[in-house]
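Letter by letter, the chains look like this.
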Amino acid sequence: QGRLVESGGGLVQPGGSLRLSCAASGAGFSILNMGWYRQAPGKQRELVATLTFISGGYTNYADFVKGRFTISRDNAKNTVYLQMNSLKPEDTAVYYCHARYILVKGDSLEYDFWGQGTQVTISS
């Protein structure tokens, strides 16, 4: 078990860039996949991008970020990054890091980590 540590949020102008970082810390677990979700005021949380830490490192992107955002990983550090380019005002939201994991010595069931969220604001 452990926790997720997020960083990189902030305020940028439309067309600007940000890079979010999320590291899973602790012991006794093995990461299966990590990803980013976001939630704007008055709206439901939605998937942004995910990346597997096994099975070839496959990625999945929401249609509204394809061509603008890139998710990547550092397996040794249990860290996932989200490079966000060509940011738009509608990208403004709280971005949450997520990890799916199993216990090193446990029941073989899958569990979840959620970060506290980091604010991303795109405004002039």
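Our structure's up above, just so we're on the same page.
A few points on the structure. The structure displayed is predicted, hence computed values, not measured ones.

Rules used in this analysis
Sequence order as written defines residue numbering, which begins from 1 separately in each chain. Only residues with pLDDT of 70 or above have their local features reported here, since the model is predicted, and side-chain atom pairs are shown and tallied only from 80 upward, although totals for entire chains, interfaces and linings are computed over all residues. Just so you know, side-chain values use all the structure's heavy atoms and leave hydrogens and water out. In this description a helix means any DSSP run of H or I spanning at least four residues, a strand means any run of E spanning at least two, and both kinds are numbered starting from the N terminus. Each residue's exposure class comes from its accessible area (1.4 Å probe, protein chains only) as a fraction of the maximum for that residue type: buried when under 20%, exposed when over 50%, partly exposed otherwise. Here, nonpolar core means buried Ala, Val, Leu, Ile, Met, Phe, Trp, Tyr and Cys residues that are tied together by side-chain atoms lying within 4.5 Å of each other.

### A look at unusual backbone geometry
Not every positive phi belongs to a glycine, and N78 is a case in point at roughly 50°. Mapped onto the secondary structure, N78 falls in the loop between strand 7 (69-74) and strand 8 (79-84). For N78, a relative accessible area of 21% gives the class partly exposed. Residue S108 is not a glycine yet carries a positive backbone phi of 70°. Following the sequence through the fold, S108 ends up in the loop between strand 9 (93-103) and strand 10 (110-114). Owing to a relative accessible area of 66%, S108 belongs among the exposed residues under this scheme.

### Some points on the nonpolar core
Within the largest apolar cluster, 31 residues are counted, with the highest numbers of intra-cluster contacts made by M34, W36, L82, M84 and Y95. Elements that contribute at least two residues to this core include exactly strand 3 (18-26), strand 4 (29-39), strand 5 (46-52), strand 7, strand 8, strand 9 and strand 11 (118-122). By residue number, the principal contributor to this core is strand 9, which donates 5 residues.

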